[in-house]
Amino acid sequence: LIAFVQPKLLAGKRLLITAGPTFEPIDPVRGITNRSSGKMGFALARAAAEAGAEVTLVAGPVHLATPHGVRRIDVQTALQMHEAVLPRAAAHDIFIATAAVADWRPATMNEHKIKKDKSPDAPKSAPVFELTENPDILAAVAALPDKPFCVGFAAESQDLIKHARDKLQRKGVPLIVGNLGPATFGRDDNALVLVDADGERHLPADGQARDKLSLARELVADIARRLHAS
Ligand code: CTP
Ligand code: CA
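Residues numbered from 1 in each chain as written. Chains lettered and ligands numbered in written order. Predicted model: local features only at pLDDT ≥ 70, side-chain atom pairs only at ≥ 80, totals over all residues. Heavy atoms only, no water.

The next thing to look at is the pattern of salt bridges. Counted by the stated rule, this structure contains 15 salt bridges. Between Lys171 and Asp136 there is a salt bridge; the shortest N-O distance is 2.6 Å. Of the two residues, Lys171 is situated in helix H5 (residues 160-171) and Asp136 in the loop between strand E8 (131-133) and helix H4 (137-142); the sequence distance between them amounts to 35 residues. Assessed through its relative accessible area of 31%, Asp136 is described here as partly exposed. (Salt bridge = Lys/Arg side-chain N within 4 Å of Asp/Glu carboxyl O. Helix = DSSP H or I, 4+ residues; strand = E, 2+ residues; numbered from the N terminus. Buried < 20%, exposed > 50% of the residue type's maximum accessible area, 1.4 Å probe, protein only.)

If you want it as structure tokens, here you go:
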């Protein structure tokens, strides 16, 4: 019954969202990844679908159930995420980048598992990996002529507001959402700070950690207001 009396804030809107980590292979059995759980992105996808949006979720490797009514595209690497997002972005009203995209990938992928012992009498040395930078998916979407309303996320270990402001400029997006607190990865609760050209707003207002789904619902309502005002 609640569903009928609640206003559908994103009715008729199309929303594209990235979530989770990416996995960058070194060889067939190893790779580089990070500790993103994808929980905040999946909570946002669910909240947006509840708000009436048509939601496409591009997910890195995570162990989470697809929210009801959400279309999901699974990827592994940053390049695959870029390929899934870029051709679809302009057909959407909103793009939210919550994914913790690996900033670098191994420059070469070894076809076979790298072995410790190459030959019995060769001197043992640890391998050295050359890395190459991944494309910035959010910046690429924000540079499209027909761009959707773009929202970025930032997780920092220090100077959150300063870095969030810097990312607002560098990526050319109207809103960056900062994760407060040093250890939000993998947790069920979080506290956010919304950074835009005008200032900062804490979600929740008291700055105390709250469960990610209630935060996601409030953030969706905030983004809907911004979309209607823009
Ligand atoms: N992002 C992206 N593609 C990348 C890197 C980041 O889409 N290759 C997005 C993230 O999903 C996030 C925002 O950009 O919404 C900020 O990511 P972050 O890692 O904080 O910023 P970087 O520009 O990578 O800077 P750094 O990691 O050095 O802080
Ligand atoms: Ca990064």
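The next thing to look at is the coordination of the calcium ion (ligand 2). Looking at the calcium ion (ligand 2), the protein donor atoms are Asp103 (OD) and Asp103 (OD), and they sit 2.5 Å from it. By the secondary structure assignment, Asp103 is in the loop between strand E6 (94-97) and strand E7 (104-106). (Donors = N, O, S within 2.8 Å, 3.2 Å for Na, K, Ca; no water.)

Turning to the pairing of E6, a few remarks are in order. Burial of the side chains of E6 extends over both faces: Ile94 and Ile96 are buried on one face and Phe95 and Ala97 on the other. In this structure, strand E1 (residues 14-19) lies alongside E6, joined through four bridges in parallel fashion. Looking across to E6, one finds that Leu15 is bridged to Ile94. The pairing of E6 with strand E9 (residues 149-155) spans four bridges and is classified as parallel. Bridge assignment links Phe95 to a residue of E9, and that residue is Cys150. (Pairing = 2+ DSSP bridges.)

What follows is about the sheet that holds strand E13 (residues 199-203). Hydrogen bonds between backbone groups are what pair the strands of a sheet, and the pairing can be parallel or antiparallel. If you walk across this open sheet you meet the eight strands as E5-E4-E1-E6-E9-E10-E12-E13, and the pairing is mixed. Of all the strands in the sheet, just strand E5 (71-74) and E13 have a single pairing partner and so form its edges. Direction aside, neighbouring strands of the sheet carry axes that sit 20 degrees apart on average. As paired strands, strand E4 (residues 54-59) and E5 are joined by four bridges and run parallel to one another. Along E5, the bridge assignment pairs Ala59 with Asp74. Strands in contact with helix H3 (residues 78-89) are E1, E4, E5 and E6; relative to E1, the strand with the most contacts, it is inclined by about 165 degrees. Packed on one face of the sheet, H5 meets E9, strand E10 (175-179), strand E12 (192-196) and E13 and runs near 40 degrees to E12. (Axes fitted to C-alpha atoms, helices over the stretch in contact; angles between N-to-C directions. Contact = heavy atoms within 4.5 Å.)

This part covers the site of ligand 1. Taken together, 13 residues lie around ligand 1, and Ala97, Ala99, Pro135, Phe153 and Lys167 are the ones closest in. Protein burial of ligand 1: of its 570 Å² of free accessible surface, 78% is covered by the chains. A per-element tally of the shell around ligand 1 places H5 first, with three residues. (Near = heavy atom within 4 Å. Areas by Shrake-Rupley, 256 points an atom, 1.4 Å probe, with all protein chains shown as cover.)

Further remarks concern the pairing of E4. In terms of burial, E4 is a largely internal element, five of the six residues being buried. Pairing of E1 with E4 involves six bridges; the strand directions are parallel. Bridge assignment links Thr18 to a residue of E4, and that residue is Val58.

Quick look at the environment of Lys212 now. For Lys212, the position within the fold is in helix H6 (residues 212-229). By relative accessible area, which is 7% here, Lys212 ends up buried. Residues Lys212 and Ile17, spaced 195 residues apart in sequence, show a C-alpha to C-alpha distance of 16 Å.

Looking now at the UniProt feature "binding site: CTP" (unreviewed entry) in the chain. The UniProt record annotates "binding site: CTP" (unreviewed entry) at Asp103, Lys113, Pro135, Asp136, Ile137, Leu138, Phe153, Lys167 and Lys171. Judged by maximum C-alpha separation, these annotated positions cover 69 residues in sequence and are scattered in space, the widest gap reaching 37.6 Å. Ignoring sequence-local partners within four residues, the contact set of Asp103 consists of Thr132, Glu133 and Asn134. Looking at Asp136, its side chain comes within polar contact range of the main-chain nitrogen of Ala139, at 2.9 Å. (UniProt positions renumbered as here; feature names shortened; annotations may be inferred. Polar contact = N/O pair within 3.5 Å; in protein donor to acceptor, adjacent residues only side chain to side chain.)

Our next topic: helix H2 (residues 39-50). Across its 12 residues, H2 extends 16 Å between first and last C-alpha, which sits within 8% of the 16 Å expected from 1.5 Å per residue. Burial of H2 is extensive: nine of the 12 residues sit out of reach of the surface. Of all the residues in H2, the buried ones are Met40, Gly41, Phe42, Ala43, Leu44, Ala45, Ala47, Ala48 and Ala49. Following H2 by one or two positions, Gly52 has its phi on the positive side, about 95 degrees. (Expected span 1.5 Å × (residues − 1).)

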